[in-house]
Amino acid sequence: MSVEQDKATVDTVVWDFGAVLFRWRPRVLLAASLPSRVKDDISAAHWHEQFFQSFGGDWAEFDRGTVAVDDLAGRIARRTGLTEAEAMAVIDAVPHELQPLADTVGLVHALHERGVRQFYLSNMPAPYADHLEREHAFVRDFEDGVFSGRVQLIKPEPAIYALAEQRFGLVPERTVFIDDHPKNVEAARARGWQAVLATHHAAIHQGLAELGLLG
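Residues numbered from 1 in each chain as written. Predicted model: local features only at pLDDT ≥ 70, side-chain atom pairs only at ≥ 80, totals over all residues. Heavy atoms only, no water.

Caption draft 1: Looking closely at helix α7 (residues 126-135). Listed as buried for α7 are Tyr128, Ala129, His131 and Leu132. Down the axis, α7 shows its buried residues gathered within 160 degrees of arc, on one side only. Check the buried side of α7 and you find it contacts α3 (57-64), α5 (84-97), β3 (144-147) and α8 (148-151). (Buried < 20%, exposed > 50% of the residue type's maximum accessible area, 1.4 Å probe, protein only. Helix = DSSP H or I, 4+ residues; strand = E, 2+ residues; numbered from the N terminus. Arc of directions from axis to C-beta. Contact = heavy atoms within 4.5 Å.)

As structure tokens, this is what we get:
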């Protein structure tokens, strides 16, 4: 856990979604979707890198909203040797994998009850964003949010943080950002935000408590 602290002023929390508020286990997803390809940890690691490209390349453009689902499947198939049907099986399985994490969702509810302003800033393609909004009522506890696929910007690009500041009316030093990727956390801090690196639920809880946001 890593957190910048200023107990007196922090009154706003900005959440990431994947692996923070929603389950995200890409290797498990790949094993379930590509059973003939993923046989063990070595093959899982291989296909994780080939398919998601460390969430760069084709997948990053999907996150950004500049590549549609059908085009993404074709790109991945041509690049990796998977069939388009195999690529689509993985793409289609992602919404089922994105299940709420009860412990951290509980923190959202607790902060909501305390009147803390809450927003989200998530690298999320528009089709998945639509699904999450439709299926999970707790998303309504947020005042507002930014999904990358709807604004054609992605973390850790400074522009998406600037957009969030403007759209949410954020005061950087009064804002704490919670994300599981160090580069995204570093980008928030570079703009003067405080941040918690979400390595696990206890780290999130501790970081929020240290900032005086939880009892």
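Moving on, there is more to tell.
Caption draft 2: Seen up close, the pattern of salt bridges. Counted under the stated rule, the structure contains 17 salt bridges. Three or more residues joined by partner-sharing salt bridges are found here, namely Asp58, Asp71, Arg75 and Arg79. (Salt bridge = Lys/Arg side-chain N within 4 Å of Asp/Glu carboxyl O.)

Caption draft 3: Representation of the packing of aromatic side chains within the structure. Following the criterion strictly, the structure yields 20 aromatic pairs and no others. When the centroid spacing of 4.7 Å and the interplanar angle of 35 degrees are considered together, the rings of Phe17 and Tyr120 count as tilted. Within this pair, whereas Phe17 is found in the loop between β1 (12-15) and α1 (26-33), its partner Tyr120 is found in strand β2 (residues 117-122), the two being separated by 103 residues in sequence. With relative accessibility at 0%, the residue Phe17 sits in the buried group. A connected cluster of aromatic rings, assembled from ring pairs, spans Trp24, Phe51, Phe52, Phe55, Trp59, Phe62 and Tyr128. (Phe/Tyr/Trp six-rings, centres within 6.5 Å; stacked < 30°, edge-to-face > 60°.)

Caption draft 4: Seen up close, the pairing of β3. With 4 bridges joining them, β2 and β3 adopt parallel strand pairing. Bridge assignment links Ser122 to a residue of β3, and that residue is Phe147. In this view, the connection linking β2 to its parallel neighbour β3 by way of α7 has right-handed handedness. (Pairing = 2+ DSSP bridges. Right-handed = clockwise from strand over helix to strand, strands pointing away.)

Caption draft 5: Spotlight on the packing of α1 against α5. Axis separation between α1 and α5 bottoms out at 10 Å; the angle between their running directions is 125 degrees. In this view, α1 runs oblique relative to α5, as classed from their interaxial angle. With respect to the hand of their crossing, α1 and α5 are arranged in right-handed fashion. On α5, the residues that touch Leu29, Leu30 and Ser33 of α1 are Ala89, Val90, Ala93, Val94 and Glu97. Its residues assigned to classes, the contact of α1 with α5 shows 6 nonpolar, 1 polar and 1 charged. (Axes fitted to C-alpha atoms, helices over the stretch in contact; angles between N-to-C directions. Parallel < 35°, antiparallel > 145°, perpendicular 65-115°, else oblique. Left-handed = near helix turned anticlockwise from the far one by under 90°. Nonpolar A, V, L, I, M, F, W, Y, C, P; charged D, E, K, R; others polar.)

Purely spatial values, then, with no claim about function.
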